Amino acid sequence: MSLMDLTAVELGKKIKEGSVGVREAVKDCLKQIRAKEAKTNAFITQADETGVLKRADEVQKAVDSGELTGPLAGVPFAVKDNMCTKGILTTCASKILSNFVPHYSATAVEKLEKAGAIIAGKTNMDEFAMGSTSETSYYGPVKNPWDTDRVPGGSSGGSAAAVAASEVSFALGSDTGGSIRQPAAYCGVTGFKPTYGTVSRYGLIAYASSLEQIGPVAKDVTDCAAVLEVISSYDSKDSTSFNRGVPDFISALDGDVKGLRIGIPKDYFTDDLDPEVNAAVLAAADRMKDMGALAEFFDLSLVEYAVPAYYIIASAEASSNLSRFDGVKYGYRAGDYEGLHQMYKRTRSEGFGEEVKRRIMLGSFALSSGYYDAYYLKALRTKALIKQAFDKAFEKYDVIIGPVAPVTAPKLGGSLSDPIKMYLGDIYTVAANLAGLPGISLPCGRDSNGLPIGLQIMGDCFNERSVLKAAFAFEQTRKQEKSPLACGKEAEV
Ligand code: GLN
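Residues numbered from 1 in each chain as written. Predicted model: local features only at pLDDT ≥ 70, side-chain atom pairs only at ≥ 80, totals over all residues. Heavy atoms only, no water.

Let's talk about the site of the ligand
For the ligand, the set of nearby residues contains 15 residues, the closest of which are Thr176, Gly177, Ser179, Tyr207 and Tyr310. Take Ser132: an N or O atom from its side chain is 2.9 Å from a nitrogen atom of the ligand. In the environment of the ligand, a nitrogen atom lies 2.8 Å from a nitrogen or oxygen atom belonging to the side chain of Asp426. Considering the ligand on its own, with 300 Å² of exposed area, one finds that the protein chains cover 99% of that surface. Of the residues in the shell around the ligand, the class split is five nonpolar, seven polar and three charged. (Near = heavy atom within 4 Å. Polar contact = N/O pair within 3.5 Å; in protein donor to acceptor, adjacent residues only side chain to side chain. Areas by Shrake-Rupley, 256 points an atom, 1.4 Å probe, with all protein chains shown as cover. Nonpolar A, V, L, I, M, F, W, Y, C, P; charged D, E, K, R; others polar.)

This is how it looks when you write it as C-alpha cells:
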C-alpha cells in the first residue's frame, strides 16, 4: 500500500494530524511515478525532485504553524499539460509547444498551490485536447492501468491513468466535450466537469473556449468536491468567469437522496449502447430508487444532433484559437524555410499532428463565407435548442443520469483510423458542454473483461450540489475498486 492509494482528503487529514509528513507524501508520489511510468506513460513532465522537496518543506512549515488548514495541504497532484505552469514545460502534447515554458500559472493551478497542494508533474493527453483516446500525443499514447493494451480514454487520459495507477492523489483535467468524464469512466476513477464559468480558464491553452472547463479527476466524489471548492472562483482575468460567491460543495455530501427527482433519457438507451454498460447504468438507477430517489425515463430529444453540432462549433473555435501558433513568438519553428510565408507553412505543417490539422481544416471550412450559415450558424442554433431541451428537463428533475460512453475502454490502436466513429462515441458527454451543465462520471460496475463502467450524473447550471449529492449517495453503495497497477507489485517498490 502506498500513500498514493489513499484519497486526497484521507492523505490531507494524515498530514494535518502529523502522522504523515509532506516530504514523505511527495517522495512516495515521485517513487510511484518513477515505478509506473514505463507502463502508463501518463506523464509528459515529472516534477524536479529538488524543487518539489523544497516546496514540501515550505508547505510542512505552513501546516505546522496553522497557516495552511485546508484538506489538500501537502497533497501531491498532477496537472494536464494544457494548463500553464510557471517555469514548467507546458506542451499540450504537441510538437508545436514542445519547448514552451510559461512564465505564469493557470488560475486553477495557482489556487491549488495556494491551498498547499504540490505539483508532481504534467500529464499526457491528446494533442491540444482533441481526441477520445489519448493516442494523438506527440509523446506517445497513454495506457489504461486496468489493461495496458487498452486506451485510458481522452483527452485527459494521462490525468485519469495517473490517478487510477495511484501515481498521484488527484489531477486536474479539462473537459471540452467529455475529456474529464470519459477517461474517468474508462479508468475507473471519478471526474467532474463544472458548470461553464465556475472555474477560471485563465492559463488553460484554448481549444474551444465556449465549451471547456477545468475540473478534478480524483479517486472519489469527496475528493472532487474538495478540489472543486478550491478551484471554483471568480477571476477577472477570464471574461466568462462567473461570481458564485464562496463555493460550498462538501456539505452537499450527506448521502440522502430521498425524494431526489432523477430523469433518465430514454433516447440514450439504443442499440449503439453496449449491453453491459446499459445494464450497469440502469442498475445504478435502481439502487438510487431503493434509497428513496424518484427515477423515471423521459424524452430528452435532439440527442442525435449533439455530436454534429459539437464538432462544428469545437472545430470552428479551434481553427481560430490555434492560429496563434505560427512559429513567431513562442513554440516550435521549422528549421528550414525561405521567407515568412514558408516559415508559417512549414512550422504548422511540421508542428501539428494529423487530428489537429483535420480540426483546423474542418473549422476553417465551417467558418468560411458561403458555408458559415449552413454549418456554423446552424450548429449554434442547435446548441440553443439543446440548452432549451435541458432547461425543460430540469423543470421536472434535479439530476439526469445516463452512461458516460457507449463502450468500455477500447484496445490501443483501434480508434484513430475511423475519426467519425470516434466522434460518435462522445454522444453522451458533449451535450453537457453545449448546454454549459455540470456533470460527474463515477464508477458503477465492471464489464466481463473486468473493465470499469462509468455512470454519468448531470445537473442544471450552477446546481453542482445536486450532482455531488446524488453521486456521493450512489458511491456509498459500492466498494471502491482499484486498478491492478494501483495495488500491484509496482506499488511496493
Ligand atoms: N473527444 C472530444 C473532442 O475530441 C472531447 C475532447 C475534450 O473534451 N477536450 O473534441
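Observations concerning unusual backbone geometry
With an omega of 10°, the peptide bond running from Gly154 to Ser155 counts as cis. Checked against the element boundaries, Ser155 lands in the loop between strand E3 (118-123) and helix H5 (157-164). One non-glycine residue, Cys92, adopts positive backbone phi at about 60°. Among the secondary structure elements, Cys92 is positioned in the loop between strand E2 (76-80) and helix H4 (107-114). (Helix = DSSP H or I, 4+ residues; strand = E, 2+ residues; numbered from the N terminus.)

Notes on the packing of aromatic side chains
Note on aromatic pairs: each is described by the distance of the centres and the angle between the planes. The full count for this structure, using the stated rule, is 18 aromatic pairs. Note on Tyr138 and Tyr139: the rings are 5.2 Å apart at their centroids and 80° apart in plane angle, and the pair reads as edge-to-face. With 4.0 Å between their ring centres and 15° between their planes, Tyr311 and Tyr423 make a pair best called stacked. Here Tyr423 lies in helix H13 (residues 419-424) and Tyr311 lies in helix H9 (residues 303-321), a separation of 112 residues in the sequence. When its relative accessible area of 9% is taken as the criterion, Tyr423 is described as buried. One aromatic cluster in this structure is built from Phe100, Phe128, Phe325, Tyr330 and Phe352. The aromatic ring of Tyr202 is capped on one face by Lys237, whose charged end is 4.6 Å from the ring centroid. (Phe/Tyr/Trp six-rings, centres within 6.5 Å; stacked < 30°, edge-to-face > 60°. Buried < 20%, exposed > 50% of the residue type's maximum accessible area, 1.4 Å probe, protein only. Lys NZ or Arg CZ within 6 Å of the ring centre and 35° of its normal.)

Thoughts on helix H11 (residues 354-367)
The end-to-end C-alpha distance of H11, which contains 14 residues, comes to 20 Å, matching closely the 20 Å that a straight helix rising 1.5 Å per residue would cover. Every buried residue of H11 is accounted for by Glu355, Val356, Arg359, Ile360, Gly363 and Ala366. In a view along the axis of H11, the buried residues occupy a sector of 140°, so they form one face of it. Turned more than 90 degrees from where H11 packs its buried face, Glu354 and Met361 sit exposed. Of the surrounding elements, those touching the buried residues of H11 are H9, helix H10 (339-351), helix H12 (372-396) and H13. (Expected span 1.5 Å × (residues − 1). Arc of directions from axis to C-beta. Contact = heavy atoms within 4.5 Å.)

Here's the deal with the pattern of salt bridges
Counting across every chain of the model gives 19 salt bridges. Glu58 is paired through a salt bridge with Arg55; the nearest N and O atoms lie 3.2 Å apart. With a gap of three residues between them, Glu58 and Arg55 both fall in helix H3 (residues 49-64), about one helical turn apart. What makes Glu58 partly exposed here is its relative accessible area of 40%. Notably, a salt bridge pairs Arg150 with Asp147, separated by 3.0 Å at the nearest N-O pair. Here the salt bridges share partners, and the residues they tie into one network are Glu355, Arg358 and Arg359. (Salt bridge = Lys/Arg side-chain N within 4 Å of Asp/Glu carboxyl O.)

Structural notes on the confidence of the model for the protein
Confidence along the protein averages 97 in pLDDT terms, with 99% of residues attaining 70 or more. For the stretch residues 489-493, pLDDT sits under 50, and the model shows 12 contacts to residues farther than four places along the chain or on other chains. (pLDDT = per-residue confidence, 0-100.)

Topic: the environment of Thr198
Mapped onto the elements of the fold, Thr198 is located in the loop between strand E5 (190-193) and strand E6 (213-218). Residue Thr198 is classed as buried on the basis of its relative accessible area, which comes to 1%. Once the C-alpha coordinates of Thr198 and Ile214 are considered, the two residues, 16 residues apart in sequence, prove to be 8.9 Å apart. Sequence-distant contacts of Thr198, that is, excluding residues within four places in its chain, are made with Gln213, Ile231, Ser232, Ser233, Arg244, Phe462 and Glu464. Among the polar contacts made by the side chain of Thr198, one reaches the main-chain carbonyl oxygen of Thr195 at a distance of 2.8 Å.

Considering the pairing of E6
The side chains of a regular strand alternate, residue by residue, between the two faces of the sheet. Counting buried positions along E6 gives six out of six residues, so the element sits mostly inside the fold. Sheet topology places strand E4 (residues 170-175) next to E6; five bridges connect them, and they run antiparallel. Bridge pairing links Leu172 to Pro216 in E6. Across two bridges, the pairing between E5 and E6 is antiparallel. Residue Thr190 lies in a different strand from E6, and its bridge partner there is Ala218. (Pairing = 2+ DSSP bridges.)

Regarding the pairing of E3
Counting buried positions along E3 gives six out of six residues, so the element sits mostly inside the fold. Both strand E1 (residues 43-46) and E3 contribute to a ladder of three bridges, which runs antiparallel. Looking at the pairing, Thr45 lines up with Lys122 of E3. With five bridges joining them, E2 and E3 adopt parallel strand pairing. Bridge assignment links Val79 to a residue of E3, and that residue is Lys122. In this view, the connection linking E2 to its parallel neighbour E3 by way of H4 has right-handed handedness. (Right-handed = clockwise from strand over helix to strand, strands pointing away.)

Topic: the packing of H4 against helix H7 (residues 221-231)
The contact between H4 and H7 brings their axes to 8 Å, and the two run at 105°. The pairing of H4 with H7 is recorded here as roughly perpendicular in orientation. Here H4 contributes Ala108, Lys111 and Leu112 to the contact with H7, which in turn contributes Val227, Val230 and Ile231. Looking at side-chain class alone, the contact of H4 with H7 contains five nonpolar, no polar and one charged residues. (Axes fitted to C-alpha atoms, helices over the stretch in contact; angles between N-to-C directions. Parallel < 35°, antiparallel > 145°, perpendicular 65-115°, else oblique.)

Re the sheet that holds E2
Taken together, 11 strands build an open sheet; the order of strands is E1-E3-E2-E4-E6-E5-E10-E11-E9-E7-E8 and the sheet is mixed. Edge strands, defined here as strands with exactly one partner in the open sheet, are E1 and strand E8 (294-298). Direction aside, neighbouring strands of the sheet carry axes that sit 30° apart on average. Relative to E4, H5 is tilted by about 155°, and along the sheet it contacts E1, E2, E3, E4 and E6. On the sheet, H12 packs against strand E7 (261-265), E8, strand E9 (399-403) and strand E11 (452-459) and is oriented at approximately 115° with respect to E9.

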